[in-house]
Amino acid sequence: MNSLRNKLSNRKLMQNGFVHLQSYSSSTSPTNIQIPNRKERGPTDILMALESTIRRDPTAPHYKYIDDPNLLPITNLEKRSYALSKEAGRKAAMWVRQEHAEYFQHKVAEPFIDYYAPRAVYTEKDNVSEEILLNNIKSGYVKESLEIYNLLEQNVKIETKLALFELLCFYNSMEQIDEELMEERWYSSNSILEGNNWKECSDKQHLFHILTQEKGDIATAAYNVMITGLIKFNNLVKAWDLYEECKENNIPLYKITYDHLIKAIIIAKHNDGDRLILMQQMYKEMMINNLRPDVKTMNASLHLLSVLKIVQKSSMLSMILNEFKSINVKPSLASHYYILKCFSKSNQLLKTVLTEIMDILENENLKEFSSIEDALFFPHAMQCAYYAKSMILCKRLNNLMLKDDNYKLIRGNYQENVYYRNYLLLHLKLLSPKSFKEVYLELTPHIYTPEMPIFKEILDSLIETESSEVTDILQYLCSQAILFEYTKSSVILENLVDLMCNHCKPTADSTLNKSFAEIALQFWTQMQEANMTSRRGYTYEASTLEKLSLLCVRGGEFDKMLEILSTLINNQNIVIATMSPKGIKELFTACLANGHCEAALSLIEYAIESGFDEQISMGMKVYKTFQLSAAQESRLQSLVGKDFKKYKLNNEES
């Protein structure tokens, strides 16, 4: 129905356009067209035009790392450390500017920008005034504002005290990350606060007490500011108590306060039905007080609905959206985020709902950032596309995110990782390994480095895939596991060597054997380095060492195989479990073929200690293959026992 309505609407617009065009062509002569001498351009138009001619290179790192091309970060930890280290230099410069302000008093900029000058330090009462206090409050300087307020001995106007109280509640009495420190803001914890983060502060309590002693608008503003601050930082219980106090004392509430209180309904009632009734009562209170709901009110209502567990959630959602549509309230990205949250990942309506949302957003300008919850839309929408197993929606969403400046709507490292994690997993589930490799190469490592659980999920998927389709991407994943240092995980290392050794086992004459052997040696080198640097004691998995040995043998690295085998056999205190009989036989055969008697005898001894019963046949093969010295023959007889002596006598007689 929506698609038909859109088609009819588009057709009507086209018809109107044709009519307008015909009237224009009939009334205006081509000779009357006047071309302006100069077209007005913005200061960055030329830069945007140049940018449009450049295609993004997925193999290139982020521009912030270009300063040191020899040390480009690969892992998530390295990216974070490098970015914050670079920003630490900027913070050090800001500290020097502040601590030695006497050397930075020159004002060469015109007009002068106060932000780039050192902040004034106030230590004496004579140097401060109420005007200076108001300027610091306006600039959002929490620490300086409190210091000036105390220097003034709290002798300021009540309106100034209210402004200071608003600052403390809005920022929770804490200094905010400087706007210039983009990397610190990017890598800071999730900006959508969870849990009770309200910071009790004596200054806030003191100001609240003073302000509420006043009558009229000042006391009303103090209650409203306190309630919104408490709910913003998730102290819902105390906020609701203040709301009840306001109702008892007939203190009017602002619209923004109602918006926050709707979110707090979740703790006021225990029954979902009662919560919805309470939300409707708040709508009535707003109507009585002539407060017009807007998109923030709608988002608060959708937020409440998204956390409820009622069965008729779809009908309630439709009712809320229709009510706000009737008063011309247009949904924001946060609205669509909460709409998607109303549907579980197993709900069949999820794909339909996301499709309808995409139909709307693809025809809108998303540059406006109305609330902090807008940043949650793209990551959650991609997660929904993954749950719906829809590649079409995934591509549409990704195209929308890359359109214009929409990427800026992802506001932090955590949201970005959630987005690309689901984007990559969906391609893993629905595409062939060859097609998945193209997507994987485009993203990693400079755009997205898959976390260890995601990397393991990729390997698990390859194990279930036809071996002929896996070989190509397997070598690349092995090199990335080394770069990401994921071989420190015994599970990932075991999966990789199992894929090379068993699942994608090449033929004897294949050149892949040499490549796999080189990779196995790199794994072995990293394992040795980890063993040397480990403080808690390093342990080896016998199955992993076995497969590394087999890969070395198949790739012509027999000497390296002996080194790994020596660790496996001679260091049983740090080796977990034992080799398989099949692996022992293959390594034993390789020792015979390469003429290494001592290694063959060691494998016989290992087989006996591990409880395998092939020692007699293995001993006879050693006796037939090698010219044993007296010591070797004595050792072999002690391993095999009386049966070997009988076999030797029968062989000599024959």
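These figures come from a predicted structure and were not determined experimentally.

(A) Structural view of the overall build of the protein chain. Scanning the protein chain from terminus to terminus reveals 31 helices and two strands. The C-alpha radius of gyration of the protein chain comes to 35 Å, more than 25% above the 26 Å expected for a compact globule of 654 residues. Dimensions of the protein chain along its principal axes, counting C-alpha atoms only, are 120 × 75 × 65 Å. When the 654 residues of the protein chain are sorted by exposure, 43% land in the buried category. In the protein chain, once contacts between residues fewer than 6 apart in sequence are set aside, the share between residues at least 24 apart is 69%. In the form shown here, the protein chain has an accessible surface area of approximately 37,500 Å², with 52% of it arising from carbon and sulfur atoms.

(B) Broad picture of the packing of helix H18 (residues 391-402) against helix H19 (residues 413-430). In the contact formed by H18 and H19, the axes pass within 11 Å of each other and the chain directions differ by 145°. As H18 packs across H19, the resulting crossing turns out to be left-handed. Judged by residue contacts, Met391, Cys394, Leu397, Asn398 and Met401 of H18 engage Tyr419, Tyr420, Tyr423, Leu426, His427 and Leu430 from H19. Residue composition of the contact of H18 with H19, by class: nine nonpolar, two polar and no charged.

(C) Representation of the nonpolar core. Counting 184 residues, the largest nonpolar core has Phe377, Phe378, Phe523 and Val622 as its most contacted members. In contact with phenylalanine 378, other than residues within four places in its own chain, are Leu333, Leu366, Leu397, Leu400, Met401, Asn406, Leu409, Ile410 and Tyr419.

(D) Fine view of helix H5 (residues 142-151). Burial of H5 is extensive: seven of the 10 residues sit out of reach of the surface. Within the sequence span of H5, burial applies to Val142, Glu144, Ser145, Leu146, Ile148, Tyr149 and Leu151. Residues of H5 that are buried make contact with helix H4 (130-139), helix H6 (158-171) and helix H8 (202-213). One or two positions beyond H5, positive phi appears at glutamate 153, with a value near 55°.

(E) How the structure looks around the packing of H19 against helix H20 (residues 433-443). Direction vectors running N to C along H19 and H20 enclose 160°, while the axes themselves pass 9 Å from each other. The angle between H19 and H20 places the two elements in the roughly antiparallel class. The hand of the H19/H20 crossing is left-handed. Here Tyr420, Tyr423, Leu424, His427 and Leu428 of H19 lie close against H20, whose contacting residues are Phe436, Val439, Tyr440 and Leu443.

(F) The arrangement of empty space enclosed by the protein in detail. For the structure on display, the rule yields two cavities of 30 Å³ or more. Size it by volume and the largest cavity reaches roughly 40 Å³. Ranked by residue count, the leading element in the lining of the largest cavity is helix H27 (residues 581-593), at three residues. Class assignment of the residues belonging to the lining of the largest cavity gives a composition of five nonpolar, no polar and two charged. By volume, the second largest cavity is sized at about 30 Å³. Lining the second largest cavity we find Pro61, His62, Tyr65, Pro73, Lys79 and His446. Broken down by class, the residue content of the lining of the second largest cavity amounts to three nonpolar, two polar and one charged.

Rules used throughout
- Residues numbered from 1 in each chain as written.
- Predicted model: local features only at pLDDT ≥ 70, side-chain atom pairs only at ≥ 80, totals over all residues.
- Heavy atoms only, no water.
- Helix = DSSP H or I, 4+ residues; strand = E, 2+ residues; numbered from the N terminus.
- Rg over C-alpha atoms; globule rule 2.2 N^0.38 Å.
- Buried < 20%, exposed > 50% of the residue type's maximum accessible area, 1.4 Å probe, protein only.
- Contact = heavy atoms within 4.5 Å.
- Areas by Shrake-Rupley, 256 points an atom, 1.4 Å probe, with all protein chains shown as cover.
- Axes fitted to C-alpha atoms, helices over the stretch in contact; angles between N-to-C directions.
- Left-handed = near helix turned anticlockwise from the far one by under 90°.
- Nonpolar A, V, L, I, M, F, W, Y, C, P; charged D, E, K, R; others polar.
- Core = buried A, V, L, I, M, F, W, Y, C linked by side-chain atoms within 4.5 Å.
- Parallel < 35°, antiparallel > 145°, perpendicular 65-115°, else oblique.
- 1 Å grid on protein atoms, 1.4 Å probe; cavity = no way out; pocket = protein on both sides within 12 Å on 5 of 7 lines; lining within 4 Å.
- Points joined across faces, edges and corners; volume = space filled by probe spheres on them.

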